[in-house]
Amino acid sequence: MARQFTEPKLVIASHNAGKVREIGDLLRPFDTDVVSAGDLDIEEPEETGTTFVANASLKARASAQASGLPALADDSGLAVVALNGDPGIYSARWGGPDRDFNLAMQKVEEAVQATGNNDRRAYFVCALCLAWPDGHEEIFEGRVDGTLVWPGQGDQGFGYDPIFLPAGATLTFGQMDPDAKHAISHRADAFRQLVDACF
Ligand code: IMP
């Protein structure tokens, strides 16, 4: 059985204000005081892992150790089947130094076309790690399957949302309203698992 989260305070191991707010919203029903690694001046470690889980784990552990509090980190990205899982853990980096996702989506499309086959399957992954200062950790991985469309559609969401059509849907993540996306997304899947197991 997973370790239960019973502490009054949790560090979100991220300096991304949007992420911290989203996670804070998701945890609001559990009466937990949430602070961010940024608020505590905890440096973000380099993401040297080779998997989503490894990167979530190293971020959560770094914040738990530095703060003496339990810490939650996520790591996410888009995996394209024909590209053997790329851009994967490098999803943010494919946008270049400016994190230009029009460029990143273009690169994905060109790479898929260069494979010469018509396999357009892709999935988003979200790994979550809840780490305690004593070294214990609980890990969850969420996923949503779909296909890539080109050109991208819609201007909601962020990152690769315009080119991702979830299985069984008629709208891309970029066209869906945020509630519809959050009902089926990789992040929602991982959070449901976390909440069911630990809260
Ligand atoms: P992270 O902040 O290191 O986890 O980087 C995740 C990257 O993956 C983001 O910059 C996006 O490019 C991509 N990504 C993750 N989740 C989503 C999503 O829900 N929609 C679109 N892109 C996503």
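Residues numbered from 1 in each chain as written. Predicted model: local features only at pLDDT ≥ 70, side-chain atom pairs only at ≥ 80, totals over all residues. Heavy atoms only, no water.

*Asks:* What exactly am I supposed to notice about the pairing of strand S4 (residues 121-131) here?
*Replies:* For a regular strand, side-chain orientation follows a simple rule: the groups alternate between the two sheet faces. Counting buried positions over the 11 residues of S4 gives 10, a clear majority of the element. The pairing of strand S3 (residues 71-80) with S4 spans 10 bridges and is classified as antiparallel. Residue Ala73 lies in a different strand from S4, and its bridge partner there is Cys129. Two strands pair when backbone bridges link them, and S4 and strand S5 (residues 137-148) are joined in this way by 11 bridges, in the antiparallel orientation. Paired with Phe124 across the bridge in S5 is Val144. Between S4 and S5, which pair antiparallel one after the other, the connecting turn spans 5 residues, and Gly135 there sits at a positive phi close to 100°. (Buried < 20%, exposed > 50% of the residue type's maximum accessible area, 1.4 Å probe, protein only. Helix = DSSP H or I, 4+ residues; strand = E, 2+ residues; numbered from the N terminus. Pairing = 2+ DSSP bridges.)

*Asks:* What is the right way to look at the sheet that holds S4 in this model?
*Replies:* Adjacent strands of a sheet form backbone hydrogen bonds with each other and so pair up, either parallel or antiparallel. Pairing is mixed in the open sheet, where 6 strands are placed in the order S2-S1-S3-S4-S5-S6. If you trace the sheet from one side to the other, it starts and ends with strand S2 (33-36) and strand S6 (164-166), each paired once. Averaged over all neighbouring strand pairs, the angle between strand axes comes to 35°, with direction disregarded. In the packing of helix H2 (residues 52-67) onto the sheet, the strands contacted are strand S1 (9-12), S3, S4 and S5, and the crossing angle to S3 comes to about 160°. Across the sheet, helix H5 (residues 186-198) touches S3, S4 and S5, and the angle it forms with S5 is around 155°. (Axes fitted to C-alpha atoms, helices over the stretch in contact; angles between N-to-C directions. Contact = heavy atoms within 4.5 Å.)

*Asks:* Any chance you could explain the layout of surface pockets here in plain terms?
*Replies:* Any empty space left between atoms is shown by rolling a water-sized probe over those atoms. The space that makes up the largest pocket amounts to roughly 880 Å³. The residue makeup of the lining of the largest pocket, split by class, is 13 nonpolar, 9 polar and 13 charged. (1 Å grid on protein atoms, 1.4 Å probe; cavity = no way out; pocket = protein on both sides within 12 Å on 5 of 7 lines; lining within 4 Å. Points joined across faces, edges and corners; volume = space filled by probe spheres on them. Nonpolar A, V, L, I, M, F, W, Y, C, P; charged D, E, K, R; others polar.)

*Asks:* Would you mind showing me how to read unusual backbone geometry here?
*Replies:* Note on backbone geometry: most residues besides glycine have negative phi, and most peptide bonds are trans. In this model, Asp86 is joined to Pro87 through a cis peptide bond whose omega is -5°. Mapped onto the secondary structure, Pro87 falls in the loop between S3 and helix H3 (101-114). The amide bond that connects Trp150 to the next residue, Pro151, takes the cis arrangement and shows omega of 0°. As for its position among the elements, Pro151 is in the loop between S5 and S6. Positioned with a positive phi, Asp31 is a non-glycine residue whose angle comes to about 60°.

*Asks:* Quick question: what am I supposed to make of the site of the ligand here?
*Replies:* Near the ligand lie 16 residues; those nearest to it are Lys19, Phe101, Asp161, Lys181 and Arg187. A distance of 3.0 Å is found between an oxygen atom of the ligand and a backbone nitrogen or oxygen belonging to Ser76. Contacts to the ligand include Lys181, whose side-chain N or O atom sits 2.8 Å from an oxygen atom. Bound to the protein, the ligand loses 88% of the 490 Å² it would expose on its own. Of all the cavities here, the one that holds the ligand is the largest pocket. (Near = heavy atom within 4 Å. Polar contact = N/O pair within 3.5 Å; in protein donor to acceptor, adjacent residues only side chain to side chain. Areas by Shrake-Rupley, 256 points an atom, 1.4 Å probe, with all protein chains shown as cover. Sits in = over half its atoms within 2 Å of the grid points.)

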